[in-house]
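Residues per chain are reported as follows:
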Amino acid sequence: MAGRRASGGTEGNGAALASGRVTDALRDAILSGRLRPGSRIRQEELAEEYGISRIPVREALRQLESEGLVILVPNSGAWISKLDRAECIEIYKIRERLEPLALSESSANLSPETLARLEDLVSRIEAAGSIDEFLQLDREFHLLSYEGARMPQLAQMIHKFWNTTQQYRRAFAASVGKAGMAAVHHEHRLILEALKRRDGEQAGLILYGHIRRTRLQLEQHTEMFA
């Protein structure tokens, strides 16, 4: 009996590891744009590709659904999440309220090491040589700036909204041009300086305008939602 329990535990650990590998690989493919919004995910193909059963694949898809990256339809299948224009604009309006709250709550609790990391990220964002590099560093900068908030439910909502709007940030970054990116970099610097002064209220106000400007830009480009 003890041997069977140990074997079962090993099998369970193996399934969890396999599910984690699939989750990480799919998340990366979705956020990088390699898997397009609205495209179908075939569980049997993933199971074959990774040499595993469908059970860890299903677990991976459930995890990605909770992160806002995948839509599961009972008795039908799984698809990469896709927003229409109204849904995207709604999420951006929510983000305009939630993220300044997270930033203002975070400000007083950011360590000197975190502030130094944020300053380094701002410089790396300005030097980014591609849209993919910009998106990865921009995401890291903003989510790191919220880490001092100590509000786990708020953090979970913000992460999910960032996931579901990733493709639209990509489209925004590709459309704004040098002048638009200069404004983004300037706002990052203003947010950083406010955080260094421990002025969470001012940082939140700048962030509100930062997100709002992106929303207004997206509203003008209906082709992004085709």
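For the structure itself, look to the data block above.
In this report, the structure presented in the accompanying data block is examined.

Definitions and limits used
Residues numbered from 1 in each chain as written. Predicted model: local features only at pLDDT ≥ 70, side-chain atom pairs only at ≥ 80, totals over all residues. Heavy atoms only, no water. Salt bridge = Lys/Arg side-chain N within 4 Å of Asp/Glu carboxyl O. Helix = DSSP H or I, 4+ residues; strand = E, 2+ residues; numbered from the N terminus. Buried < 20%, exposed > 50% of the residue type's maximum accessible area, 1.4 Å probe, protein only. Expected span 1.5 Å × (residues − 1). Contact = heavy atoms within 4.5 Å. Pairing = 2+ DSSP bridges. Axes fitted to C-alpha atoms, helices over the stretch in contact; angles between N-to-C directions. Arc of directions from axis to C-beta. Polar contact = N/O pair within 3.5 Å; in protein donor to acceptor, adjacent residues only side chain to side chain.

## Some words on the pattern of salt bridges
Phase 1 of the analysis: Under the counting rule described, the total for this entry stands at 15 salt bridges.
Phase 2 of the analysis: The salt bridge involving Arg117 is made with Glu140; its shortest N-O contact spans 2.5 Å. You can see Arg117 sitting in helix α5 (residues 112–126) and its partner Glu140 sitting in helix α6 (residues 131–145), a full 23 residues away along the chain.
Phase 3 of the analysis: Looking at Arg117, the relative accessible area reads 29%, which means it is partly exposed.
Phase 4 of the analysis: You can call Glu140 partly exposed: its relative accessible area is 27%.
Phase 5 of the analysis: Residue Glu219 is joined to Arg215 by a salt bridge in which the shortest nitrogen-to-oxygen separation is 3.2 Å. Highlighted residues: Glu219 and Arg215, both in helix α10 (residues 200–219), separated by four residues, approximately one helical turn.
Phase 6 of the analysis: For Glu219, a relative accessible area of 23% corresponds to the partly exposed category.
Phase 7 of the analysis: Each of Arg117, Asp120, Arg124 and Glu140 takes part in one network of salt bridges that share partners.

## Quick look at helix α9 (residues 177–196)
Phase 1 of the analysis: The end-to-end C-alpha distance of α9 is 29 Å, a good match for the 28 Å that 20 residues give at a rise of 1.5 Å each.
Phase 2 of the analysis: Tucked inside the fold, the buried residues of α9 contact α4 (85–107), α5, α6, α8 (166–175) and α10.
Phase 3 of the analysis: After α9 finishes, the residue Arg198 shows a positive phi value of roughly 65°.

## Thoughts on the sheet that holds strand β2 (residues 70–73)
Phase 1 of the analysis: The three strands are arranged β1-β3-β2 in an open sheet whose pairing can be described as antiparallel. One side of each edge strand has no neighbouring strand; the edge strands of this open sheet are β1 (40–41) and β2.
Phase 2 of the analysis: In this structure, β2 lies alongside strand β3 (residues 77–80), joined through four bridges in antiparallel fashion. What sits directly across from Val73, in β3, is Gly77.
Phase 3 of the analysis: Running at roughly 120° to β2, helix α3 (residues 54–66) makes contact with β1, β2 and β3 of the sheet.

## Points about α3
Phase 1 of the analysis: Taking 1.5 Å per residue as the helical rise, α3 with its 13 residues ought to reach 18 Å, and the 18 Å between its terminal C-alpha atoms agrees with that figure.
Phase 2 of the analysis: Looking only at α3, the buried set comprises Pro56, Val57, Ala60, Leu61 and Leu64. Burial along α3 is one-sided: seen end-on, the buried residues are contained in an arc of 140°.
Phase 3 of the analysis: Structurally, the start of α3 carries an N-cap: the backbone nitrogen of Ile55 is 3.3 Å from a side-chain oxygen of Ser53.
Phase 4 of the analysis: Trailing α3 by a residue or two, Gly68 shows a phi angle of about 85°, which is positive.

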